[in-house]
Amino acid sequence: METLLRPSLDRERLIAWYRANRARTAELFGWIDPSVYDVAPIALRHPFVFYDGHIPAFSFNTLVRNALGRPSIDRALEDLFERGIDPSVSSDPASLRTLPWPTHAEVRAFVQACDDAVLDALAHAPIDDPAIPDLVRAEAAYTILEHEPMHHETLLYIVHRLAPEHKAIPPREHRDDPVPAGEPVAIGAGIATLGVRRGALPFGWDNEYEEHAVAVPAFGIDRYDVTNGDYLAFVEAGGPVPPFWVPAGTGWQLRVLAGSIPLPRSWPVYATQQQASAFAAWSGARLMTEPEYHRAAYGTPSGVERPQPWGDAVPSAAYGNFDFRRFDPEPVGSSPRGASAWGVHDLVGNGWEWTSTPFAPFAGFVPMASYKPYSADFFDGKHFVMKGASPVTSRDLVRRSFRNWFYNDYPYMYATFRRAYD
Ligand SMILES: [Fe+2]
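Presented here is a report on the structure given in the accompanying data block. All values derive from a computational prediction rather than experimental measurement.

1. Notes on the pattern of salt bridges
At step 1: Throughout the structure, instances matching the rule amount to 19 salt bridges.
At step 2: Salt-bridge contacts for arginine 70 lead to aspartate 120; the nearest nitrogen and oxygen are separated by 3.3 Å. Remark: aspartate 120 occurs in helix H5 (residues 104–124) and arginine 70 occurs in the loop between helix H3 (48–67) and helix H4 (75–80); sequence separation between them is 50 residues.
At step 3: By relative accessible area, which is 31% here, arginine 70 ends up partly exposed.
At step 4: Several salt bridges share partner residues, and in doing so they unite Arg22, Asp115 and Glu148 into one network.

2. A short note on the side chain of serine 340
At step 1: Its place among the elements puts serine 340 in the loop between helix H9 (290–298) and strand S9 (352–358).
At step 2: Residue serine 340 is classed as buried on the basis of its relative accessible area, which comes to 6%.
At step 3: Engagement of the side chain of serine 340 in a polar contact is seen with the backbone oxygen of alanine 296, the distance being 2.8 Å.
At step 4: The contact partners of serine 340, leaving out residues within four places of it in the chain, are Ala296, Ala297, Arg306, Pro309 and Leu347.

3. Considering unusual backbone geometry
At step 1: Residue glutamate 210 is bonded to the preceding tyrosine 209 through a cis peptide linkage, with omega at -5°.
At step 2: Looking at where glutamate 210 falls in the secondary structure, it is placed in the loop between strand S2 (190–194) and strand S3 (212–216).
At step 3: The residue phenylalanine 324 is not glycine, and still its phi comes out positive at about 65°.
At step 4: Within the element layout of this structure, phenylalanine 324 appears in the loop between H9 and S9.
At step 5: Since its relative accessible area comes to 12%, phenylalanine 324 is described here as buried.
At step 6: Despite not being glycine, asparagine 350 has its phi angle at roughly 70°, a positive value.
At step 7: Within the secondary structure, asparagine 350 sits in the loop between H9 and S9.

4. Quick word on the packing of helix H2 (residues 11–29) against H3
Geometry of a packed helix pair, given as the angle between the helix axes and the separation of the axes.
At step 1: The N-to-C vectors of H2 and H3 enclose an angle of 175°; their axes lie 12 Å apart at closest approach. Judged by the inter-axis angle, H2 sits roughly antiparallel to H3. Between H2, through Tyr18, Arg22, Thr25 and Phe29, and H3, the contact on the second element is made entirely by Phe48, Tyr51, Asp52, Ile55, Pro56 and Ser59.
At step 2: Looking at the contact of H2 with H3 residue by residue, the classes come out as six nonpolar, two polar and two charged.

5. Here we look at the pairing of strand S10 (residues 383–387)
At step 1: Of all five residues that make up S10, five are buried, and the element is covered over most of its length.
At step 2: Residues His383, Val385 and Lys387 of S10 are buried on one face, and the alternating residues Phe384 and Met386, pointing to the opposite face, are buried as well.
At step 3: The pairing of S9 with S10 spans three bridges and is antiparallel. Each residue of the ladder has a partner; that of tryptophan 354, found in S10, is methionine 386.
At step 4: Bridge count for S10 against strand S11 (residues 404–407) is four bridges, and the pairing is antiparallel. Residue pairing across strands places methionine 386 opposite asparagine 404, the latter belonging to S11.

6. Comments concerning the nonpolar core
At step 1: Residues Phe48, Leu63, Leu122, Trp354 and Phe417 are the most contacted members of the largest nonpolar core, which totals 96 residues.
At step 2: No other element matches helix H6 (residues 139–159), which puts 11 residues into this core.
At step 3: Contact partners of leucine 63, with chain neighbours within four places excluded, come to Leu68, Val118, Ala121, Leu122, Ile127, Leu135, Ala140, Ala141 and Ile144.

Calculation criteria
- Residues numbered from 1 in each chain as written.
- Predicted model: local features only at pLDDT ≥ 70, side-chain atom pairs only at ≥ 80, totals over all residues.
- Heavy atoms only, no water.
- Salt bridge = Lys/Arg side-chain N within 4 Å of Asp/Glu carboxyl O.
- Helix = DSSP H or I, 4+ residues; strand = E, 2+ residues; numbered from the N terminus.
- Buried < 20%, exposed > 50% of the residue type's maximum accessible area, 1.4 Å probe, protein only.
- Polar contact = N/O pair within 3.5 Å; in protein donor to acceptor, adjacent residues only side chain to side chain.
- Contact = heavy atoms within 4.5 Å.
- Axes fitted to C-alpha atoms, helices over the stretch in contact; angles between N-to-C directions.
- Parallel < 35°, antiparallel > 145°, perpendicular 65-115°, else oblique.
- Nonpolar A, V, L, I, M, F, W, Y, C, P; charged D, E, K, R; others polar.
- Pairing = 2+ DSSP bridges.
- Core = buried A, V, L, I, M, F, W, Y, C linked by side-chain atoms within 4.5 Å.

By themselves, these are just geometric observations and shouldn't be taken as functional.
Structure representation (structure tokens):
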């Protein structure tokens, strides 16, 4: 029966998606002073030039060269721009590349050739071929189309660390509200469905399979994310300072994308998973597990599970602070239409949600043909699952089974948390 439901390939949609991704990448690069093209604002990440080349090189390598078996454009540049890095904060910066990068003009010529080849393939090539693993259900095409928006987020959290004089960020208003009062919400015992059945989505990353049910005991959870105001009491008691806070006189400012502003008390605090755990323990609680996130976000008192916290409607910025509605957080509880059936706010949007669950494969995991190391390289017990979305997460990545992950001490992510209670 399932084959009958297989959607036909909509090449126009895939081409429009690729063009929209490229346009957003160009827009983000347009915010960066050209003089810092070779600069890496985060010492353990590559300079901007790498990302300029990497995004289209990955698309070309994955779809055109590897999946379709077409000839290389420039093997040296394809290799140079092949893969990003995921350093732990204790990595040695000297281990990174120190050779000169290609010039801006060389990179741009290569980028153009990659884009031309990818667009030609999306328009004309046999990109949906059940006989070739990389092309089953057009896997390689979807891989490159979801890879680019992930890099929009990566790029922005690097731009975040760039000095204000080297960037021109479109202005956004920042609002600080009184923090809404909210007792923890009681979530009854029930079943959480994690993962997704093969064939049920047009595309999923390898770590989203297979679908399985987890019995989750009753627990309590914060209705709102922990705010900067909540966390301030912990800092004043000697707790670790969150990575987006900047000392200012006797108090604190918050580093937002464009610069620094007085600390907004009502915004969710962005913190590392270690800091989140420490805060939760200090206040007599703990972080939620990945199954508990699913219960709070997608479960309902009736036992039915929903595709999104707000129900069935397709993701849009009406339901949460994601998909570039803003670049930075906003006061917790600002998206009431996106609250879950239990009345828990901002589970999707306004910052990824840390869990206490180490990133690990679900039963039935198979590395994806078009991008084998995507998840498998990170099943090391040192990365932890994040769920939901940040302000700059594309709506294309907002689905129940999507999983993100990072080291527990990585300080640059747009990630927040809330407390769970036994
Ligand atoms: Fe990448």
